[in-house]
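# Report on the structure
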Amino acid sequence: MDTDLYDEFGNYIGPELDSDEDDDELGRETKDLDEMDDDDDDDDVGDHDEDHPGMEVVLHEDKKYYPTAEEVYGPEVETIVQEEDTQPLTEPIIKPVKTKKFTLMEQTLPVTVYEMDFLADLMDNSELIRNVTLCGHLHHGKTCFVDCLIEQTHPEIRKRYDQDLCYTDILFTEQERGVGIKSTPVTVVLPDTKGKSYLFNIMDTPGHVNFSDEVTAGLRISDGVVLFIDAAEGVMLNTERLIKHAVQERLAVTVCINKIDRLILELKLPPTDAYYKLRHIVDEVNGLISMYSTDENLILSPLLGNVCFSSSQYSICFTLGSFAKIYADTFGDINYQEFAKRLWGDIYFNPKTRKFTKKAPTSSSQRSFVEFILEPLYKILAQVVGDVDTSLPRTLDELGIHLTKEELKLNIRPLLRLVCKKFFGEFTGFVDMCVQHIPSPKVGAKPKIEHTYTGGVDSDLGEAMSDCDPDGPLMCHTTKMYSTDDGVQFHAFGRVLSGTIHAGQPVKVLGENYTLEDEEDSQICTVGRLWISVASPGVLTPLHFGSQAQIFRPLKFNTTSVIKIAVEPVNPSELPKMLDGLRKVNKSYPSLTTKVEESGEHVILGTGELYLDCVMHDLRKMYSEIDIKVADPVVTFCETVVETSSLKCFAETPNKKNKITMIAEPLEKGLAEDIENEVVQITWNRKKLGEFFQTKYDWDLLAARSIWAFGPDATGPNILVDDTLPSEVDKALLGSVKDSIVQGFQWGTREGPLCDELIRNVKFKILDAVVAQEPLHRGGGQIIPTARRVVYSAFLMATPRLMEPYYFVEVQAPADCVSAVYTVLARRRGHVTQDAPIPGSPLYTIKAFIPAIDSFGFETDLRTHTQGQAFSLSVFHHWQIVPGDPLDKSIVIRPLEPQPAPHLAREFMIKTRRRKGLSEDVSISKFFDDPMLLELAKQDVVLNYPM
């Protein structure tokens, strides 16, 4: 081998060789051919491999052992490849589709005894419609009564023998707890005693005091109420509140005394005593009505036909008229209306003369109500409960009631129900009562509009609504939101007051804060499936009319939300979900308030423990499905003063051109409540306002005429009075900054200096004001913060105190448990105001007051100490001053120890401030400027405040 042709590594370095080049070109050609082949074979990869088995070089990472996911599942399927298993084994890789369902819904329209078209046609005639709210105390039988009406009109819906139907308790939580939580509307067609049909829109409301906001929403769109009262329990806590509420809302009131079977089967009262018991209930209700109502003619009596008697469990329902009609149908030629007028009160039937007399013919004579109504009722019940086999069939034959052999073999309760149903028939007495004593929408519209519409009755819209004009402009008042059964969106529920509403129609939704001047709280939406898909309690009006429509007065609830819980998600990244959930529960519960504190915590305010428990259930399960932490419940406080400011407090604006001087003093007793209940309104003219304060509260003419504002809003329990003299102060200049001072005062009263809570029951007097001449130097930016500082310093100089909410508690317990109730109350700073036996029953009613902050767990505690025999309900009643001085430095608060009473105010203040992220103590120097502090030093005021 020639060594010159190769280098030391054996590489050829000699002259170029020809044959190599040819070889190279050949190689290139085959490569090109190969590529063309490749293009053809692209669709047929397998063949290509078989042609050249194992010839081409495949890199290790390109080797293909398995087909790709796309080849296996097709291009439409998304596949995820994970390097490691991050999911716990308990979680399925592909979660099943979960359908959320929180309410029971009829899937199709249920069968009714009337045609649906007939129901729709009745809607056209507003005189044949009645809008009724059924309300009453907890477990007085409202829902059960609706069940009877549903069974009467829906042949396929029947209750099982062992349990109640509870048709209107559609939420699963309501079924589980056995208590109504939401108001549920039902529409049925019912005949009266003459067989004439009426369309009833019935609102079945919760009886628990915590949920009285639901009742308020129902009352607002009804024309009258039927108040349910348990015959054995009588008038209870919520019965009394509802009477007051209905009278305030100016609604027609009728009464249904329910569960009359309890008088017979449970209390086993003789008929005469049962009559006394029923009469006692009617008298008690009339006493309450006369107390709350100014209308002299509003009296309830079975004789007038506005009281009916019923027992929902055994489908009994009658008025005097409908019972008299049973006699008329059985014996013929009786004028049942005249007969009915003699069936109540001290009237006796003399069998010899066959006449009714006011005097008892013999010493053993029974009153007509006992003789003609209670005794037959007692006999029927006694026969069924007593001797079923021998004498019952004979009795039923006499009454013309035919039962099959199977029906006679039923258990006592179902049998009793069946017999009563056949004897009393349909609930025509109830219908008569509603038709005669509750106005139709046509009649009831005008008073309703006067009471609820802010735009006045004389406007075009007001007149159209008063006439119930179906061709007029559309006005619909929505008061409630119902969430769909999966809890995703809401349907608004309202009453169309004029015009006609169509699906797909554009409407303007006006919220509670809408005014003609400030149109921010309004939006334009389209109507969904005759259910508006958005709206807070507000008004719907058509677009072209929206320019002059005003809102209905926001709902006025008869309770106050004072219990407060702070919520946060366990996983902080889920905060947006929780906020969305909070927005939804806010829509779902009328009086719920949610807000964000300065410290960033989210706070929910509710009326009581059960209420907040339901809210939290909905928030966790229904609306946000996340874990939520809840802080211990606390209550809202108020701040007040008990003396007049010890000296005049003044403050200068930052530019030193203006100076305001004020003092603070407590308001007269009862005045704060009057303002809150709108007995007196700031919108009245000066003269009327002045007269009210002069006559009722002995104010002098000057002060009464110079009231500037209530605060923190139009119904706030504080007053700002201009007490300056024209000789000392330029009134025109002062008038020019009036708005700014009022704003400062309202800001100050909204967040008091002690712990950022509302100020209550304080009158602030402006004594002197130096105001700059040039408008530039007296702008809002100068005046508002200064006015607020003066409010604070005047407040702190007037012996400030904290106020806490007090609950009114009503406890029912057997006589031997009364002492235990006293013990439990005493341990929680509560005190009893009254205990008395319930007439005709073995139970006692105990009425008491308890501070809301000590009421948490009170019910559970009470049940533990009475072995579950006592039952209590509590509701906000009033504000009361907390014992002790919140600014007393000498008090040392030891952690985890209960404080003695005089230290409570200090403890509440410090702990509330800590919770809100404020500085530990109130420092006065923050609110006093240097000249003021010099003035204090000059007057040598001894201050126990930190400077």
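Remember, it's a predicted structure, so these values are computed and weren't measured experimentally. (Residues numbered from 1 in each chain as written. Predicted model: local features only at pLDDT ≥ 70, side-chain atom pairs only at ≥ 80, totals over all residues. Heavy atoms only, no water.)

This part takes up the domain arrangement of the chain. Domain annotation of the chain identifies domain 1 (116-331 + 426-436), domain 2 (451-542), domain 3 (563-631), domain 4 (639-798) and domain 5 (805-882). Spacing between the C-alpha centres of domain 2 and domain 4 amounts to 38 Å. (Domains from an automatic or database assignment.)

To continue, consider the sheet that holds strand β21 (residues 649-652). Read across the sheet, five strands follow the order β21-β22-β26-β24-β23 without closing on themselves; strand pairing throughout is mixed. Since the sheet does not close on itself, it has two edges, and those belong to β21 and β23 (707-711), each with one partner. Going across the sheet, the axis of each strand differs from the next one's by a mean of 25 degrees, ignoring polarity. The pairing of strand β22 (residues 659-666) with strand β26 (residues 762-770) spans eight bridges and is antiparallel. Its bridge partner being in β26, Ile663 is matched across the sheet by Lys765. The strands touched by helix α26 (residues 738-750) are β22, β23, β24 (718-722) and β26; relative to β23, the strand with the most contacts, the crossing angle is about 30 degrees. (Pairing = 2+ DSSP bridges. Helix = DSSP H or I, 4+ residues; strand = E, 2+ residues; numbered from the N terminus. Axes fitted to C-alpha atoms, helices over the stretch in contact; angles between N-to-C directions. Contact = heavy atoms within 4.5 Å.)

Turning next to the packing of aromatic side chains. Under the definition given, this model contains 39 aromatic pairs. Ring geometry for Phe145 and Phe228: centres 5.0 Å apart, planes at 65 degrees, overall edge-to-face. Within this pair, whereas Phe145 is found in helix α5 (residues 142-153), its partner Phe228 is found in strand β4 (residues 224-230), the two being separated by 83 residues in sequence. Each member of the pair, Phe145 as well as Phe228, carries the same accessibility label: buried. Lying over the aromatic face of Tyr336, Lys325 brings its terminal NZ or CZ to 5.7 Å of the ring centre. The positively charged end of Lys659 is found above the aromatic ring belonging to Phe650, 4.4 Å away from the centroid. (Phe/Tyr/Trp six-rings, centres within 6.5 Å; stacked < 30°, edge-to-face > 60°. Buried < 20%, exposed > 50% of the residue type's maximum accessible area, 1.4 Å probe, protein only. Lys NZ or Arg CZ within 6 Å of the ring centre and 35° of its normal.)

So, about the packing of helix α10 (residues 271-292) against helix α13 (residues 368-385). Where α10 contacts α13, the axes come no closer than 10 Å and their chain directions differ by 110 degrees. Relative to α13, the element α10 lies roughly perpendicular. Viewed along their axes, α10 and α13 form a crossing whose handedness is right-handed. Together, Pro271, Thr272, Ala274, Tyr275 and Leu278 of α10 and Phe369, Val370, Leu374, Glu375 and Tyr378 of α13 make up the contact between the two elements. Here the residues of the contact of α10 with α13 are counted per class, giving eight nonpolar, one polar and one charged. (Parallel < 35°, antiparallel > 145°, perpendicular 65-115°, else oblique. Left-handed = near helix turned anticlockwise from the far one by under 90°. Nonpolar A, V, L, I, M, F, W, Y, C, P; charged D, E, K, R; others polar.)

The next thing to look at is the side chain of Ser874. For Ser874, the location among the structural elements is in strand β30 (residues 871-881). Not counting the four nearest positions on each side in its chain, Ser874 is found in contact with Val209, Asn210, Tyr807, Phe808 and Val809.

Attention shifts here to a nonpolar patch on the surface. Nonpolar side chains collect at one region of the surface, where Tyr6, Tyr12 and Leu17 lie side by side and expose about 260 Å² of accessible area between them. For Leu17, the location among the structural elements is in the segment before α1 (18-41). Accessibility expressed as a relative area gives 46% for Leu17, which makes it partly exposed. (Patch = residues over 30% accessible without salt bridge, like charges linked within 9 Å, V, L, I, M, F, W, Y side chains within 5 Å. Areas by Shrake-Rupley, 256 points an atom, 1.4 Å probe, with all protein chains shown as cover. Salt bridge = Lys/Arg side-chain N within 4 Å of Asp/Glu carboxyl O.)

Let us look at the sheet that holds strand β3 (residues 197-204). Backbone-to-backbone hydrogen bonds join strands into a sheet, with any given pair of strands oriented parallel or antiparallel. Ordered by their spatial adjacency, seven strands build an open sheet running β2-β3-β1-β4-β5-β6-β7, and the pairing between neighbours is mixed. For this open sheet the edge positions go to β2 (184-191) and β7 (316-318), each flanked by a neighbour on one side alone. Here the average twist between neighbouring strands, direction ignored, is 25 degrees. Both strand β6 (residues 307-311) and β7 contribute to a ladder of three bridges, which runs antiparallel. Bridged to Ser310 within β7 is Cys317. Sheet contacts for α5: β1 (129-136), β2, β3, β4, β5 (252-258), β6 and β7; angle to β2, the most-contacted strand, approximately 50 degrees.

It is worth spelling out the packing of helix α20 (residues 575-588) against helix α21 (residues 609-623) at this point. Helix packing for two helices is described by the angle between their axes and how far apart those axes are. Remark: α20 packs on α21, axes separated minimally by 9 Å, with the N-to-C direction vectors making an angle of 125 degrees. Here α20 lies oblique to α21, going by the angle between them. Taken as a pair, α20 and α21 cross one another with a handedness that is right-handed. Contact with α20, carried on its side by Met578, Gly581, Leu582, Lys584, Val585 and Ser588, involves Val615, Asp618, Leu619 and Tyr623 of α21 and no other residues of that element. Split into classes, the residues belonging to the contact of α20 with α21 amount to six nonpolar, two polar and two charged.

Our focus in this paragraph is the UniProt feature "domain: Tr-type G" (unreviewed entry) in the chain. Per the UniProt annotation, the sites labelled "domain: Tr-type G" (unreviewed entry) are residues 127-409. With 40% helix and 18% strand, residues 127-409 has its two end C-alpha atoms placed 46 Å apart. (UniProt positions renumbered as here; feature names shortened; annotations may be inferred.)

This part takes up the nonpolar core. Among the nonpolar cores identified, the biggest contains 100 residues, and Tyr589, Ile604, Met662, Leu720, Ile741, Leu754 and Phe764 are the most heavily contacted of them. With residues up to four places along the chain from it excluded, the contact list for Leu754 reads Glu639, Phe795, Leu796, Pro800, Arg801, Leu802, Pro886, Leu887, Met909, Arg913 and Val922. Residues Ile257, Phe323, Phe339 and Val370 belong to the second largest nonpolar core, which totals 70 residues. (Core = buried A, V, L, I, M, F, W, Y, C linked by side-chain atoms within 4.5 Å.)

With that settled, consider the environment of Asp85. Here Asp85 is to be found in the loop between α3 (69-73) and α4 (116-122). According to the relative accessible area criterion, Asp85 is exposed, its value standing at 59%. Each C-alpha atom of the pair Asp85 and Leu104 lies 40 Å from the other, and the pair is 19 residues apart in sequence.

What follows deals with a negative patch on the surface. Taken together, the side chains of Glu450, Asp458, Asp460, Glu463 and Asp467 present a region of like negative charge at the surface. Along the chain, the position of Asp460 falls in helix α19 (residues 460-466). When its relative accessible area of 52% is taken as the criterion, Asp460 is described as exposed. (Lys, Arg positive; Asp, Glu negative; His and termini not counted. Charge placed at Lys NZ, Arg CZ, Asp CG, Glu CD.)

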